[in-house]
Amino acid sequence: MYPAAFEYHAPASVGEALKLLGKLDDAKILAGGHSLIPMMKLRLAQPKHLIDLRKVPGLTGIKEDKGMISIGAMSTHWEVESSKVLKAKCPVVSETAAMIGDPAVRNKGTIGGSLAHGDPAADMPATVIALGAEFVCQGKKKRTVKVDAWFTGLMETALGEDELLVEIRVPALAKGTGAAYLKFPHPASRFAVVGVAAVVTLDKNGTCTKAGVGVTGAGSKAVRAKGVEAALTGKRLDAAAIEAAAAKAADGVDVQADLQGSVEYKAHLCRVFAKRAIEAAVKRAQG
Ligand SMILES: Cc1cc2nc3c(=O)[nH]c(=O)nc-3n(C[C@H](O)[C@H](O)[C@H](O)COP(=O)(O)OP(=O)(O)OC[C@H]3O[C@@H](n4cnc5c(N)ncnc54)[C@H](O)[C@@H]3O)c2cc1C
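Residues numbered from 1 in each chain as written. Predicted model: local features only at pLDDT ≥ 70, side-chain atom pairs only at ≥ 80, totals over all residues. Heavy atoms only, no water.

A. Spotlight on the packing of helix H5 (residues 91-98) against helix H8 (residues 124-131). Interhelical geometry of H5 versus H8 gives an angle of 170 degrees and a closest axis separation of 9 Å. By the angle between their axes, H5 is roughly antiparallel relative to H8. Here Val92, Val93, Thr96 and Ala97 of H5 come into contact with H8, specifically with Met124, Thr127 and Leu131. Residue classes in the contact of H5 with H8 are distributed as 5 nonpolar, 2 polar and no charged. (Axes fitted to C-alpha atoms, helices over the stretch in contact; angles between N-to-C directions. Helix = DSSP H or I, 4+ residues; strand = E, 2+ residues; numbered from the N terminus. Parallel < 35°, antiparallel > 145°, perpendicular 65-115°, else oblique. Contact = heavy atoms within 4.5 Å. Nonpolar A, V, L, I, M, F, W, Y, C, P; charged D, E, K, R; others polar.)

Laid out in structure tokens, this is it:
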């Protein structure tokens, strides 16, 4: 399949990219092209202009600043997977990136592309929800969007039409905090049939003082599992407490039946993977 005809633009700066985005009718940003190009080939997207960010400097790089880790939106999944900063300070982000697709996808696809696209079966959304990430958008002005306001619907985000996603910020995890992302992968694409990320903070008595849980794959967008978080917080996380909290993993998710499974099956996977992700996060929090 060939995409419909389009004009290609390769700006050399963020300013130039924004100017093109404001001026051109029906333009789309091109990052790694691993979601947009397949959609164009299927004619599900037919933009008249593509604005390629690959020659724009300053959109890659991963660094820590005052307890937050800044990830340039054009960092590839491979760069996120292999980042020394992330592996040391927030390894769950590297681990999530390592589970995306295959090496070809990870070498081209970008974290910004994944989070701007908002595919309901993408992996990174669950992890950034659980971590309470922030998104830096650049339009005429720069603004920061908290993750709870980011995923607005099926492949819809809070990103404005005249904005670029330039940076994603995640917290450096302190001692006593553990995090894990686990998924039931589609056997061909590796997309998440269901994926759950959990972040827990334990005090010195082993009581959970803070919990973040994100669920992807099951519904029309990735969501925060608020019921699970509430059930974990304030409890000593023994097997019974984890089981009881994980039982709420599908509450508030608009679980969709699809070729991968029925509503009941996918809701079951939410509970199973929530339990496993919480158990893994607790183990890490305990050191
Ligand atoms: C075979 C295959 C398997 C895959 N498996 C998985 C998987 O297991 N898990 C998973 O999570 N994903 C998977 N993916 C998707 C992959 O991770 C993509 O790389 C990602 O979803 C999109 O990133 P991209 O850089 O390729 O973005 P693109 O395809 O270039 O863009 C995607 C969308 O985001 C917009 N966009 C991109 N960057 C920006 C930006 N900085 N600012 C504003 N808008 C922007 C574009 O305009 C477009 O609408 C798979 C893809 C393929 C082809």
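B. Region of the structure containing helix H10 (residues 239-246). When H10 is considered as a whole, its buried residues turn out to be Ala241, Ile242, Ala245 and Ala246. Looking down the long axis of H10, one finds its buried residues gathered within 125 degrees of arc, a one-sided arrangement. Looking at H10, the residues exposed on the side facing more than 90 degrees away from the buried face are Ala239 and Ala240. (Buried < 20%, exposed > 50% of the residue type's maximum accessible area, 1.4 Å probe, protein only. Arc of directions from axis to C-beta.)

C. Region of interest: the pattern of salt bridges. Going through the model one piece at a time under the given rule, you end up with 14 salt bridges. Measuring nitrogen to oxygen at the nearest pair gives 3.1 Å for the salt bridge that ties Asp123 to Lys183. A residue pair is termed long-range when its members are at least 10 positions apart, and Asp123 in the loop between helix H7 (111-117) and H8 and Lys183 in strand E11 (residues 177-185) qualify at 60 residues. Of the two residues, Asp123 and Lys183, neither departs from the other in class, the shared state being buried. Here Glu229 makes a salt bridge to Arg224, at a shortest N to O gap of 2.7 Å. The exposure class assigned to Glu229 is buried, which follows from its relative accessible area of 11%. When salt bridges that share partners are traced, they join Glu134, Lys146, Glu167 and Arg169 into one network. (Salt bridge = Lys/Arg side-chain N within 4 Å of Asp/Glu carboxyl O.)

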